[in-house]
Amino acid sequence: MKSILLSILLLPISVFSAPANDKKMIISNQCDKTLQMGYQTNDDPRGTTIEIGVNGSHTLHVNSNWAGRVWARESCDYHACDLAGAGDPASLAEFKFNNNNADIDYYDVSFVDGFNLPVSIEPVMNGGLDEFVQLDSKHCRVSICDSLPVCPEDLKELDDAGQFVACNSACSKHGKDEYCCTGDHGSADTCNTNYYANTIKETCPDSYSYAFDDATSVYGCKANAYKIVFCP
Ligand SMILES: *[C@@H]1O[C@H](CO)[C@@H](O)[C@H](O)[C@H]1NC(C)=O
């Protein structure tokens, strides 16, 4: 009798504890061309693509513990628009949301797998500054790369007309452990910055430039919405 009562009492609790679709990502296109925006939940094989016109925006509603990435392409001729990552270079806006009150959301702009468009991530703070903002420069601040780093010649990908499509990562182009942070260079102690990562950091110090570039690239906040702007 007691256990039946208990399970009836627990039922609504388990319904309430399921993560709600209450995080918003507001994605804006300030580029001068229509974009195919892609977003992918971590561990899903492919993403979903949504077209956003010039000066347009699209709001995604995701779980409060969603983890994944957002990117965009002007053309799907050279890389599938629903793929981004190693071998399919694109600037990534990465997120790891936490519905646990004890932890914050993490976000970063990643060029680890290459880059194609300038991008920024900004938490939308209701009611202005909160306790997190005062912590340090990596809390609740905008992470921005508003003009692309120079792409070294050996990493450049051009279209048939010779126009820039994307900059490959040094790892996917040259496959060396020192760029991929694999093998003998598989830890934070043994994988350091390199010529290509430095090129990224010179122009976009906020962006992730190689796999162990956490300290200068990971931002944290607790907000209900995050604004992602392509060509900010
Ligand atoms: C987009 O916005 C910019 C800045 O306000 C404006 O100059 C431009 O004409 C707009 N483009 C389109 C296609 O609406």
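These remarks concern the structure in this document.

Cut-offs used in this document
All residue numbers here refer to positions counted from 1 along the written sequence of the relevant chain. pLDDT decides what is reported in this predicted model: residues at 70 or higher carry local features, side-chain atom pairs at 80 or more are listed and counted, and totals for whole chains, interfaces and linings draw on all residues regardless. Processing note: side-chain calculations cover all non-hydrogen atoms of the structure and skip hydrogens and water entirely. Put simply, DSSP marks the helices as runs of H or I at least four residues long and the strands as runs of E at least two long, and each gets a number from the N terminus on. Type-normalised accessible area, obtained with a 1.4 Å probe on protein chains alone, sets the label of each residue: buried when under 20%, exposed when over 50%, and partly exposed for intermediate values. Note on definitions: a residue-residue contact is assigned when non-hydrogen atoms from the two residues lie within 4.5 Å. Per-residue and other accessible areas were derived by the Shrake-Rupley procedure at a 1.4 Å probe size, with only the shown protein chains allowed to occlude residues. Only one rule defines a salt bridge in this text: a Lys or Arg side-chain nitrogen within 4 Å of an Asp or Glu carboxyl oxygen. In this analysis, strands are considered paired if DSSP registers two or more bridges between them. Among the buried residues, those of types Ala, Val, Leu, Ile, Met, Phe, Trp, Tyr and Cys that are joined through side-chain atoms within 4.5 Å form a nonpolar core. The convention used is that axes are lines fitted to C-alpha atoms, helices contributing only their stretch in contact, and that angles between N-to-C directions extend from 0 to 180 degrees.

Notes on the overall build of the chain
When you go through the chain residue by residue, the secondary structure sums to four helices and 13 strands. Counting every position in the chain, which comprises 232 residues, the buried fraction comes to 42%. In the chain, 66% of the contacts between residues at least 6 apart in sequence involve partners at least 24 apart. Looking at the chain as shown, the accessible area adds up to about 12000 Å², and 51% of this sits on carbon and sulfur atoms.

Regarding unusual backbone geometry
For residues other than glycine, phi is negative in most cases, and the peptide bonds are mostly trans. Of note, the phi angle at Asn55 is positive, near 65 degrees, even though the residue is not glycine. If you trace the backbone, Asn55 turns up in the loop between β3 (48–52) and β4 (57–62). Located in the positive-phi region is Cys181, a residue other than glycine, with phi close to 55 degrees.

Some words on the pattern of salt bridges
Counted by the stated rule, this structure contains six salt bridges. The partner of Glu153 in a salt bridge is Lys156, with the nearest N and O atoms 2.9 Å apart. On the accessibility criterion, Glu153 (63% relative accessible area) is exposed. Across the salt bridge formed by Lys201 and Asp213, the nearest N and O atoms sit 2.9 Å from each other. Here Asp213 lies in the loop between α4 (195–203) and β12 (219–221) and Lys201 lies in helix α4, a separation of 12 residues in the sequence. The exposure classification of Lys201 matches that of Asp213, with both residues buried.

Describing the pairing of strand β7 (residues 105–110)
For β7, a buried count of five out of six residues is recorded, marking the element as mostly surrounded by other parts of the structure. In terms of strand pairing, strand β6 (residues 92–96) meets β7 through five bridges, oriented antiparallel. Residue pairing for β7: Lys96 is matched across the bridge by Tyr106. Summarising the sheet, β7 and β12 pair through three bridges and their orientation is antiparallel. What sits directly across from Tyr107, in β12, is Tyr219.

Structural notes on the environment of Cys140
Relative to the elements of secondary structure, Cys140 occurs in the loop between β8 (119–124) and β9 (143–145). Taking C-alpha positions, Cys140 is 10.0 Å from Tyr226, a pair spaced 86 residues apart along the chain.

Topic: the nonpolar core
Within the largest apolar cluster, 38 residues are counted, with the highest numbers of intra-cluster contacts made by Met25, Ile27, Val70, Phe95, Tyr226, Ile228 and Phe230. Top contributing element to this core by residue count: strand β13 (residues 225–230), with three residues.

Observations regarding the sheet that holds strand β2 (residues 35–41)
Spatially, β3-β2-β5-β6-β7-β12 is the arrangement adopted by the six strands of the open sheet, whose pairing is antiparallel. The sheet is open, and its two borders are formed by β3 and β12, each paired with just one other strand. Across the sheet, the mean angle from the axis of one strand to that of its neighbour is 20 degrees, orientation sign disregarded.

Here's the deal with the sheet that holds β13
An order of β4-β1-β13-β8-β9 is seen for the five strands of this open sheet, with the pairing classed as mixed. Looking at strand neighbours, the two that pair on one side only are β4 and β9, the edges of this open sheet. With direction set aside, neighbouring strand axes in the sheet form an average angle of 20 degrees. As judged from the six bridges shared by β8 and β13, these two strands associate in the antiparallel manner.

Nothing here speaks to function; it is all geometry.
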